[in-house]
Amino acid sequence: MQSPVLHLSVSTLWIFRDVPSDITIEVNGGTFALHKFPLVSRSGRIRKLVAEHRDADISRVELLNLPGGAEPFELAAKFCYGINFEITSANVAQLCCVSDYLEMNEEFSKDNLGSRAEEYLESIVCKNLEMCVEVLQQCENLLPLADELKIVSRCIDSIASKACAEQIASSFSRLEYSSSGRLHMNKQAKCEGDWWIEDLSVLRIDLYQRVMTAMKCRGVRPESIGASLVNYAQKELTKKSSLWNPSSQTKIDLISTGHERLVVETIVNLLPVEKLAVPISFLFGLLRSAVMLDCTIACRLDLERRIGSQLDIATIDDLLIPSFRHAGDTLFDVDTVHRILVNFSQQDDSEDDMEDASVFESDSPRSPSQTALFKVSKLADNYLAEIAPDANLKLSKFMVIAETLPAHARTIHDGLYRAIDIYLKAHQGLSDSDRKKLCKLIDFQKLSQEAGAHAAQNERLPLQAIVQVLYFEQIRLRNSLCCSYGDEDHKPMHQSWRISSGALSAAMSPRDNYASLRRENRELKLELARLRMRLNDLEKEHVCMKRDMQKSHSRKFMSSFSKKIGKLSFFGHSSSRGSSSPSKHSHRTDSRVIERTCASTD
């Protein structure tokens, strides 16, 4: 789209065409042979210089540090001579700065260059987002004067306001009524309010940062901010393909780090606080760049914290961060992954602590955080299997990754067993004590049947571990045989031990285990209340019997009383040895006998 232009009309003819020049202006190496009269009539600065050297008849003036250099000065000189030219978004910032430098304002001449440039900036540029971006590009070489004249701030405010307004309008266009008559947002409809993302990617990083900050303050959606950051980073950083290629082993000394480091640190500071505002693969890309470029510790820790909060949606390729240190180190950056796992675990714990205790009353089988734990545990086991063949990987680093997650995170230990087996195969020089220490990480009760059969014949495992595998396989076989006989009342020994023990169940998080204990406690309290009621009934019976014994001394009464008392049972079962089934006389029958007994004494 062609930018609007402001045509400066010719106020005078070129009357100085045949008059020899009487002053020479030097600007940044450029020389202009001009005349004093048209210059001093418009420029307050040149008028003062000429007035200061009136007696010396000054004929040569050097303008130092003129903003923009020779090109904007030539336009200002043409304005002084009344020569027609166009004000556009490509030169308006230069004209504003050069008119301020030369003092070409209304104090020295009516309708001067400064007011004409300001009018164009306010009435045309600030109403168009694309033109504002173009003016900001011109301001990159005009700082700090462009900032002092508020050219930069006005353009940034205009961009943020227009982006926010267009986004609101786009959101309204996506509103629609559902079948039930309720108004909702159509998420599948394409959002067309973010077309400015591509335009902003041409800005220098410092001005881009100011624009993004203003957009955040204006309330632009975090998803749009994130999309803009992704687009900007890809343009600035993918020039070095190694920054975004997980399998690349390019060393840090092969790239220039100054600009890239500044871009990474700035983008990390601009990331929205909301989760999922940017893809997690993008966060890992930034982290690789931060490690490679040796960014600040605060920058890397911030990225690790953000990744840890949503680690359950990461992939194994994301975690494979190359090590960019010295040649003798591991192939992958294990320390960074360990810190990410710690961040995930701490974030999970903090969320549990913040929740009210009433949550434990819920009968839900599994909480969302527990689901995330399962996903991350599987991811960690796959990561261990990937790094296990590395000959330089120390046992301590391998174990610290395996031990980071809590015990209840793994419902099955097949993945961990596979990773440890790969490590034992790649590090055959391990001592017996190290092999035992490594195998203690495995809960052999949580191995599947196939993994257990493999472990039972695995010569790389210590003898003690193989014995444990065989023991639990025997228990599993016994349980399966018991189940095959269809004895519903008989629980397998191993299962019964696991349920009755106070230890955490393998399939339960601490939250779910606590809820289960609370339910069991309530059931025990109800059973205790029933026993107390039964005890009260028995006490009443005892009082009645004692009263009967005091009033009657006949043997006939004692004989009948003995027959009646023999029919009573504390727990509703027959006292006969030959039967284990419940008594035919219920609790209500016993109560009637007691009532008749008590009534006979009245």
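To be clear, the structure that these remarks concern was listed above.
This structure is a prediction, so every number in the text was calculated from the model and none was measured.

Engineer: Whenever I open this one, the overall build of the protein chain confuses me. Can you help?
Structural biologist: Scanning the protein chain from N- to C-terminus turns up 26 helices and seven strands. As displayed, the protein chain offers around 33800 Å² of accessible surface, 53% of which is attributable to carbon and sulfur atoms.

Engineer: What am I meant to see in the sheet that holds strand S3 (residues 30-34) here?
Structural biologist: In any sheet, the strands associate via hydrogen bonds between backbone groups, in a parallel or an antiparallel arrangement. Here we have three strands laid out as an open sheet, ordered S3-S2-S4, and mixed in their pairing. The open sheet terminates on both sides in strands that have one partner only, identified here as S3 and strand S4 (60-63). Sheet twist, expressed as the average angle between the axes of neighbouring strands with direction ignored, equals 20 degrees. Bridge count between strand S2 (residues 23-27) and S4: four bridges; the pairing is parallel. The residue of S4 that forms the bridge with glutamate 26 is glutamate 62.

Engineer: Can you help me understand the pattern of salt bridges in this one?
Structural biologist: Pairs may arise between side chains of opposite charge once their charged atoms sit close together. Applying the stated criterion across every chain, the model contains 17 salt bridges. Among the salt bridges present, the one from arginine 210 reaches aspartate 147, with a minimum N-O distance of 3.0 Å. Of the two residues, arginine 210 sits in helix H10 (residues 205-218) while aspartate 147 sits in helix H7 (residues 145-148), which places them 63 residues apart along the sequence. The partner of arginine 300 in a salt bridge is aspartate 294, and the shortest N-O contact between them spans 3.7 Å. One connected set of salt bridges, linked through shared partners, spans Glu118, Glu122 and Arg154.

Engineer: What is the right way to read the state of the cysteines from this model?
Structural biologist: What makes a disulfide is a covalent bond joining the sulfur atoms belonging to two cysteines. The full count for this structure, using the stated rule, is zero disulfides. Considering cysteine sulfurs only, cysteine 132 is the nearest to cysteine 126, which forms no disulfide, with 5.0 Å between them. What makes cysteine 126 buried here is its relative accessible area of 13%. Cysteine 155 supplies the cysteine sulfur nearest to cysteine 132, a cysteine that is in no disulfide, at a spacing of 4.5 Å. The class of cysteine 132 is buried, set by a relative accessible area of 0%.

Engineer: Is there a simple way to explain the packing of helix H19 (residues 414-426) against helix H20 (residues 432-439) in this structure?
Structural biologist: In helix packing, the relevant descriptors are the interaxial angle and the interaxial distance, both defined with respect to the helix axes. At a minimum axis distance of 11 Å, the contact between H19 and H20 shows a crossing angle of 165 degrees. Viewed along their axes, H19 and H20 adopt a mutual orientation that is roughly antiparallel. You can see that H19 and H20 cross each other, and the crossing is right-handed. Along the contact surface, H19 presents Ile420, Tyr423 and Leu424, while H20 presents Arg435, Leu438 and Cys439.

Engineer: Where do I start with the pairing of S2 in this structure?
Structural biologist: Successive side chains on a regular strand alternate, one facing one side of the sheet and the next facing the other. Judged by how many residues are buried, S2 sits mostly within the fold: five of five residues are covered. Side-chain alternation along S2 places Ile23, Ile25 and Val27 on one buried face and Thr24 and Glu26 on a second face that is also buried. Of the pairings in the sheet, the one linking S2 to S3 comprises five bridges and is antiparallel in character. Looking at S3, one finds that isoleucine 25 is bridged to phenylalanine 32. With antiparallel pairing between neighbouring strands as the criterion, S2 and S3 make up a hairpin whose turn holds two residues, including asparagine 28 at a positive phi of roughly 50 degrees.

Engineer: Got a minute to help me understand the packing of aromatic side chains in this structure?
Structural biologist: To describe a pair of aromatic rings, one takes the distance between the centres and the angle between the planes. If you walk through the whole model with that rule in mind, you get four aromatic pairs. Cation over ring: arginine 45 sits above tyrosine 101, and NZ or CZ is 4.1 Å from the ring centre.

Engineer: What should I look at first to understand helix H11 (residues 222-237) in this one?
Structural biologist: Since the α-helix turns once every 3.6 residues, residues separated by three or four places project in the same direction. In this model H11 runs 22 Å from its N-terminal to its C-terminal C-alpha over 16 residues, within 8% of the 22 Å that 1.5 Å per residue would give. Of all the residues in H11, the buried ones are Ser224, Ile225, Gly226, Ser228, Leu229, Val230, Asn231, Tyr232, Ala233, Glu236 and Leu237.

Engineer: What am I meant to see in the environment of glutamate 198 here?
Structural biologist: Note on placement: glutamate 198 falls in helix H9 (residues 196-200). By relative accessible area, which is 41% here, glutamate 198 ends up partly exposed. C-alpha separation for the pair glutamate 198 and serine 228, spaced 30 residues apart in sequence, amounts to 7.6 Å. Every residue in contact with glutamate 198, bar those within four places of it in the chain, is listed here: Asn231 and Lys235. A distance of 2.5 Å separates the side chain of glutamate 198 from the side chain of lysine 235, its partner in a polar contact.

Engineer: Just to check I follow, could you spell out the side chain of threonine 24 for this structure?
Structural biologist: Following the sequence through the fold, threonine 24 ends up in strand S2. For threonine 24, the contacting residues outside a window of four places in its chain are Thr31, Phe32, Ser59, Arg60 and Val61.

Engineer: Is there a simple way to think about helix H12 (residues 258-270) in this case?
Structural biologist: The end-to-end C-alpha distance of H12 is 19 Å, a good match for the 18 Å that 13 residues give at a rise of 1.5 Å each. Those residues of H12 not exposed but buried are Glu260, Val263, Val264, Glu265, Thr266, Ile267, Val268 and Leu270. For H12, the secondary structure elements touched by its buried residues are H10, H11, helix H13 (280-292) and helix H14 (297-309).

Engineer: What is the right way to read the environment of leucine 461 from this model?
Structural biologist: Of note, leucine 461 is situated in the loop between helix H21 (449-456) and helix H22 (463-484). On the basis of relative accessible area, leucine 461 is assigned to the buried category, the value being 3%. If we skip the residues at most four places from it in the chain, leucine 461 touches Tyr417, Leu424, Arg435, Cys439, Ala455 and Ile466.

Reading the values: rules and limits
Residues numbered from 1 in each chain as written. Predicted model: local features only at pLDDT ≥ 70, side-chain atom pairs only at ≥ 80, totals over all residues. Heavy atoms only, no water. Helix = DSSP H or I, 4+ residues; strand = E, 2+ residues; numbered from the N terminus. Areas by Shrake-Rupley, 256 points an atom, 1.4 Å probe, with all protein chains shown as cover. Pairing = 2+ DSSP bridges. Axes fitted to C-alpha atoms, helices over the stretch in contact; angles between N-to-C directions. Salt bridge = Lys/Arg side-chain N within 4 Å of Asp/Glu carboxyl O. Disulfide = S-S within 2.5 Å. Buried < 20%, exposed > 50% of the residue type's maximum accessible area, 1.4 Å probe, protein only. Parallel < 35°, antiparallel > 145°, perpendicular 65-115°, else oblique. Left-handed = near helix turned anticlockwise from the far one by under 90°. Contact = heavy atoms within 4.5 Å. Phe/Tyr/Trp six-rings, centres within 6.5 Å; stacked < 30°, edge-to-face > 60°. Lys NZ or Arg CZ within 6 Å of the ring centre and 35° of its normal. Expected span 1.5 Å × (residues − 1). Polar contact = N/O pair within 3.5 Å; in protein donor to acceptor, adjacent residues only side chain to side chain.

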